[in-house]
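Summary of structural features
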Amino acid sequence: MTWIISLASIGLVLMAIARFRLSFLVWTMLTGGALAFLGLAGLMSPVTGAVFWGFWLVFLAAPNVPAIRRRVVGAPVLSYIRQVLPPMSDTEREAIDAGGVWWEAQLFRGAPEWRDLLETPPASLTSEEQAFLDGPVDTFCAMLDDWQITNDLRDLPPEAWRFLKDNGFFGLVIPREYGGKGFSATAHSSIVMKIAARSGSAAVTVMVPNSLGPAELLLAYGTDVQKDHYLPRLASGDEIPCFALTGPTAGSDAASIPDTGIVCHGIYEGREVLGMRVNWDKRYITLAPVATVVGLAFRVRDPEGLLGGEEDLGITCALIPADTQGVAIGKRHYPMDLAFQNGPVRGENVFVPLDWVIGGRENIGRGWRMLMESLSVGRGISLPALATGATKMASRSTGAYARVRTQFNLPIGRFEGVQEALARIAGLTYMADAARTLTTTALDAGERPSVVSAIVKYHNTEAMRTAMNDAMDVHGGRAICRGPSNYVAGGYGSVPVTITVEGANILTRSLIIFGQGALRCHPYLREEIEAAALDDPDTALERFDEALFGHLGYTLANGVRAFVYGLSRGGLAPAPDTGATAGFFRRLGRLSAAFAFTSDIALLVLGGALKRREALSGRFADALGAMFLCSAALKRFEDQGKPEADLPLVRWVAMHTLRQGEDALDGVLRNFPVRWLGTVLRGIVFPLGRLQCAPDDPLVREVAELILEPSAARDRLTQGIYVTEDPNDVQGRVESALLKVARVEGVEARLRIAGWRPGANDDGLNDAVRDGVIREGEATLVREARAAVRAAVAVDAFEPGAAGHRKTGGRPRAGAIRRLKRRARSTGTPGSAADGGA
C-alpha cells in the first residue's frame, strides 16, 4: 500500500507539472519536495525512500550542477551530436532562415495556448476589397467560358486580357503609390479563389504576377529606381512578368541551378559598363510566352575578380527585358492541355548590366534567400486559393447534381455510397477554406510562416485532388464527356498542375514541412546545432550545455504530458470553453503532446540522418499538418459564431484530421529505427491505444445533406465563389435546376403518392391537374423543373469534323455517317455513380 500511495503522490505531482512550462530546476525542486513530504508523513518505507532519493539525486539533482552536468552529460552528448550532424550548407541555412514561425510552433511544441489562436482576429476584407470582388471580379468571371479558353482559343480571349489590365488585376499586391491596388493577402487569396472556381487557366494568369515574381521581389529588395520604373508598368499591365527559376536539371533542387552569369565588361546604351554574360535554359515558366520582362535566377561567377570578392558569388536574381538580344522566348508548353500561358525561356550570351540585378550590386549572391522568403509568402496564397476555389465549385455543383439526378426514383445523393463522396467533398472544402483564411490572417498580420505556407499548399492541393476525383465519380458520364457544358473536367485536369508547381507535393511533404519545422519550431534544437558548430571548445560546451539543460525539461514535460493526456483520453488536456467543440480541442492537445515527444526522441536518436529518412519525415509532416488543419477548422467555427448547422462539418473535419494525425504517429512508431524504443514510445504516447475514430455513417449523412439542398450552411461553405442561376451558364444550369427541383419537391411527392411517377409526361400532369392532385400553376413549375433537370444532366455531342470531334480512322461509310448525325442530334442522359456511367 505504501508503494501505491507513494507512486500516486508522485504521479499527481507529475500531472500538475505537466500542465505548465516549467524548467528542469523547478522539476527537481518540486519532485524533491514531494519526496520529502512522503518521507516525513511516513508514506514511504526506508527502502522505498532510498530508491526514490537515489533516482532523484542521479537523474534530477546532479544535472542541475553545471560542472557535473557538462562533464557527465554535456560533453558526451556534444561529441555525439557533432558526429551525427552533417554540415549545413549556406543554401540550407538560408532556406531555414527564410520566413518565420507562427501558430504551428505551438502545435509542434506540445502545449498550444488556445487563447492565442482564438483571439487572433478573423480574416476580413475592407469595403474596397469587397467591392472589387463584387464588381470587377464578378464581371470578369461572367466573361469566362472555360471550354472556349481551353479548346478553341488556347488562351484567354483578348477582351479578358484587356479587362485584366484595365482593372488592375496584375497589381493586386503593388502599393497605391505605384498605381497598384495595395490589397491584403486575404483579398489576393479571395480574388484568385473566386476566379479559380470558374477557370483554372484564368486564375493562374491572375495569380502569377501577384505571387512569386518581379513585383514581390522588387517591393522587398528593389532599388528606388527599379521600383519607380517597373512597379507602375507592372500594375497597369504594360509589362507582363514571368519568373524563370526551374530548369531541365534543377527543379526541386533549385539551389543547384546550372545557369551562370560571368562578371565582365560590356556595352550598354553606347557605353562600357560592368555586368555579366548570362546563359540559361529554363522551362515550365508561367506567362513566359507573353512576358515582356523576365525575372531570372542564376549563379554569378567572377573569375577575374572584377567585383573584388570570391569567384563564386552565389545565386542572384535579375530583371531582363524579354527583347534583350540573346533572349529566346515565346514558345509554349501545354501543362495537362490547359490554356494558361506557360513555356521555356532561354538565353545565350546575354549581357546583363549590374543595375538589372534586383536590389543592385549589393544583392549579388542574395538571390536564394530572396526566393525562399518570397516562396514562403506566395506558396501560402496562390495555390491554396486556387485549390479552395476548385473544392468549393465541386461542393456546390456536385451537391446540386446529386440532388437533381435520379436513379430508381431517388436522387443519387440519397445513396449511402454517393453520400460518402459528398461528405468528403464538403468536409475537405470546409477544411481547405479554414486553412486558407487562417494562413492569410497570419500574412496580413505581418507574419511570414514558411512552415504553415508549405502545410497549406500541400494539404489544400491534395484536398482538391480528392474532391475532384469524388466529383468525377458522382457525375459519372456527365463529367467525362468534354464539351461546353462540362464544368468538372477542367478542374479535374488541373489537379496535377496544382500538385506539381510551387514545390512538388512529394518533396514538400517528405522534406520541407518537418525539415523546416523541426529547426524553426523546436525551442532548443537550433541553439544546440549552432553551439555544436562553434570552433572554440569551451564556448561551444557552455552554450550547448545551456540549451541542452532547457531541452531536458522540455522533453520530460512533453513525455509526461503525452502520457497523462493519453491515459485520460485527452480529458486532462486544457481546452477553451467552446461548448460542442471543447472535446476536439482536448484531443488536439493530446495529439500535440504526443507529436512533440515522439519527434523530439526521433531527432535525438537519428540526428541529421532524419532528413534522409523521408518516410519518417513525411509522417511527421502529416501529423503536424493534420494538427494545423484541425485547429484552423475549430477557429473558423468560432469566428463564424458557431452556427449550429455547420457543426457536422467541423465535427467531420476534426475527426478526419485527428485520425490522420494518429495514423501518422502510429506509422512513425511502427517504423521507428530502434524497434524496442518505438515500443516504449507507443506505451507513453498511446497508453490506451489509438483513440480517434473516423467520421461515422450518421455524421457522413449529415454532412452530405448540407450540400444537397439550398441552405444558409451550403452558402457559407461555398462563400466567395462566383454563383449564378442563369440556365444558359455552364455552372448556373445545375444551380437553376436545384432551385427549381427544391421548389416542387412537395408537388412531386403528392404526384408519387397519387401514382404519377416523377418522370411522367405532360399528359400525366394534365390528368393530375384534372383530378385535383395538383394545380395548373404547380404543373407548370414541375414541367420547368423537369426541363431544367434534363438540361443539367445533358452532355455535349459534336458533328463529325466539328470542334471537339476527333477522327479515329478512315472515312466512315454513308450509313455510319447518318447514324452518327442522328446520335449527335439527340440529347443524351448520362450515367452517374448510381448506375456506373453511360
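Before reading further, recall that the structure is shown in the block above.
Residues numbered from 1 in each chain as written. Predicted model: local features only at pLDDT ≥ 70, side-chain atom pairs only at ≥ 80, totals over all residues. Heavy atoms only, no water.

So, on to the overall build of the chain. The secondary structure content of the chain amounts to 34 helices and nine strands. Buried residues in the chain amount to 55% of all 838 residues. The long-range fraction of contacts in the chain, counting pairs at least 24 apart against all pairs at least 6 apart in sequence, stands at 76%. Entry remark: accessible area of the chain is about 34,600 Å², with carbon and sulfur atoms responsible for 54%. (Helix = DSSP H or I, 4+ residues; strand = E, 2+ residues; numbered from the N terminus. Buried < 20%, exposed > 50% of the residue type's maximum accessible area, 1.4 Å probe, protein only. Contact = heavy atoms within 4.5 Å. Areas by Shrake-Rupley, 256 points an atom, 1.4 Å probe, with all protein chains shown as cover.)

Turning our eyes to something else, we now look at the nonpolar core. Core analysis: the largest hydrophobic core is formed by 197 residues, its most contacted members being Phe140, Phe169 and Ile195. Judged by nonpolar contacts, the second largest core, of 25 residues, contains Leu218, Tyr230, Val293 and Ala297. (Core = buried A, V, L, I, M, F, W, Y, C linked by side-chain atoms within 4.5 Å.)

Our next topic: unusual backbone geometry. In the Ramachandran plot, Met336 falls in the positive-phi region, its phi being about 50 degrees despite a non-glycine side chain. Within the secondary structure, Met336 sits in the loop between strand E6 (327-329) and strand E7 (342-353). A relative accessible area of 47% means that Met336 is categorised as partly exposed. Of note, Arg569 is a non-glycine position whose phi angle comes to about 55 degrees, a positive value. Tracing the backbone shows Arg569 in the loop between helix H23 (537-567) and helix H24 (582-606). Given the relative accessible area of 52%, Arg569 is considered exposed.

Taken together, the side chains of Glu527, Asp535, Asp536, Asp538, Glu542 and Glu546 define an acidic patch exposed on the protein surface. At three residues, H23 tops the list of elements feeding residues into the negative patch. (Patch = residues over 30% accessible without salt bridge, like charges linked within 9 Å, V, L, I, M, F, W, Y side chains within 5 Å. Salt bridge = Lys/Arg side-chain N within 4 Å of Asp/Glu carboxyl O. Lys, Arg positive; Asp, Glu negative; His and termini not counted. Charge placed at Lys NZ, Arg CZ, Asp CG, Glu CD.)

For any pair of aromatic rings, geometry is given as the distance between the ring centres together with the angle between the planes. In total, this model carries 17 aromatic pairs according to the counting rule given. Ring centres of Phe108 and Phe514 lie 6.0 Å apart, and the angle between their planes is 20 degrees; on these two criteria the pair is classed as stacked. You can see Phe108 sitting in helix H6 (residues 103-109) and its partner Phe514 sitting in helix H21 (residues 505-521), a full 406 residues away along the chain. Relative accessible area serves as the criterion here: at 0%, Phe108 is assigned to the buried category. Seen in terms of ring centroids, Phe132 and Phe169 are 5.0 Å apart; in terms of plane orientation they differ by 50 degrees. Their pairing is tilted. Of this pair, Phe132 sits in helix H8 (residues 127-143) while Phe169 sits in the loop between helix H10 (158-166) and helix H11 (185-196), placing them 37 residues apart in sequence. (Phe/Tyr/Trp six-rings, centres within 6.5 Å; stacked < 30°, edge-to-face > 60°.)

With that out of the way, let us pick up the packing of helix H26 (residues 647-670) against helix H28 (residues 697-706). Relative placement of two packed helices is described by the angle separating their axes and the distance separating the axes. The geometry of H26 relative to H28 is characterised by a closest axis approach of 9 Å and an angle of 130 degrees between their N-to-C directions. By the angle class used here, H26 and H28 are oblique. Read as a crossing pair, H26 and H28 show a hand that is left-handed. Across from Pro648, Leu649, Arg651, Trp652 and Met655 in H26, the residues of H28 making contact are Leu699, Val700, Glu702, Val703 and Leu706. The residue makeup of the contact of H26 with H28, split by class, is eight nonpolar, no polar and two charged. (Axes fitted to C-alpha atoms, helices over the stretch in contact; angles between N-to-C directions. Parallel < 35°, antiparallel > 145°, perpendicular 65-115°, else oblique. Left-handed = near helix turned anticlockwise from the far one by under 90°. Nonpolar A, V, L, I, M, F, W, Y, C, P; charged D, E, K, R; others polar.)

Below, the discussion takes up the side chain of Lys227. With respect to the element layout, Lys227 can be found in helix H14 (residues 224-236). An unpaired buried charge is present at Lys227: no salt bridge exists, and Asp224, the closest side chain of opposite charge, is 4.8 Å distant. Each residue touching Lys227, except ones within four places of it in the same chain, is listed here: Tyr178, Leu218, Leu219, Gly222 and Pro232.

Together, Phe563, Leu567 and Leu688 line one region of the surface with nonpolar side chains, adding up to about 260 Å² of accessible area. Examined against the element boundaries, Leu688 turns out to sit in the loop between helix H27 (675-685) and H28. Here Leu688 falls in the partly exposed class, since its relative accessible area comes to 45%.

A separate point is the pairing of E7. With nine of 12 residues buried, E7 lies mostly within the body of the structure. Looking at chain direction, strand E3 (residues 271-286) and E7 are connected through nine bridges and run antiparallel. Within E7, the position partnered with Thr286 by the bridge is Asn342. Sheet analysis places E6 next to E7, joined by three bridges and oriented antiparallel. Its bridge partner lying in E7, Ala328 is registered against Arg346. (Pairing = 2+ DSSP bridges.)

Let's shift gears to the pairing of strand E1 (residues 241-244). The two faces of E1 match: Pro241 and Phe243 on one face and Cys242 and Ala244 on the other face are all buried. As judged from the four bridges shared by E1 and strand E4 (residues 293-301), these two strands associate in the parallel manner. In the strand pairing of E4, Phe243 is matched with Gly295.

Bringing the environment of Met464 into the picture now. Among the secondary structure elements, Met464 is positioned in helix H18 (residues 450-475). The exposure class assigned to Met464 is buried, which follows from its relative accessible area of 0%. In this structure, the C-alpha to C-alpha distance between Met464 and Ala394, residues 70 residues apart in sequence, is 8.9 Å. Among all residues touching Met464, those that are not within four sequence positions of it are Leu386, Ala387, Ala390, Thr391, Gly491, Ser494, Val495 and Thr498.

With that settled, consider the pattern of salt bridges. Inspection of the entire model under this criterion finds 40 salt bridges. With its nearest N and O atoms 2.8 Å apart, the salt bridge here joins Arg414 to Glu705. Of this pair, Arg414 sits in the loop between strand E9 (410-411) and helix H17 (416-444) while Glu705 sits in helix H28; the two residues are 291 residues apart in sequence, bridging distant segments of the chain. Taking the shortest distance from any N to any O, the salt bridge between Arg750 and Glu778 comes out at 2.7 Å. Highlighted residues: Arg750 in helix H31 (residues 745-753) and Glu778 in helix H33 (residues 776-793), separated in sequence by 28 residues.

To continue, consider H31. Every buried residue belonging to H31 is among Val747, Glu748 and Leu751, and all of these are buried. Seen along its axis, H31 keeps its buried residues to an arc of 95 degrees; they face one direction. Trailing H31 by a residue or two, Gly755 shows a phi angle of about 105 degrees, which is positive. (Arc of directions from axis to C-beta.)

Tracing the chain through its elements places Gly732 in helix H30 (residues 732-743). Judged by relative accessible area, Gly732 falls into the buried class, the value being 0%. Separated by 335 residues in the primary sequence, Gly732 and Ser397 place their C-alpha atoms 9.0 Å from one another. When neighbours within four sequence positions are excluded, Gly732 is seen to be in contact with Thr724, Glu725, Asp726 and Pro727.

Turning to the environment of Arg277, a few remarks are in order. Positionally, Arg277 belongs in strand E3. The spatial distance from the C-alpha of Arg277 to the C-alpha of Phe351 is 4.7 Å, given a sequence separation of 74 residues. With near-sequence residues (within four places) excluded, Arg277 lies in contact with Thr260, Gly261, Ile262, Cys264, Asn349, Val350 and Phe351. In this structure the side chain of Arg277 is engaged in a polar contact, spanning 3.3 Å, whose partner is the backbone oxygen of Asn349. (Polar contact = N/O pair within 3.5 Å; in protein donor to acceptor, adjacent residues only side chain to side chain.)

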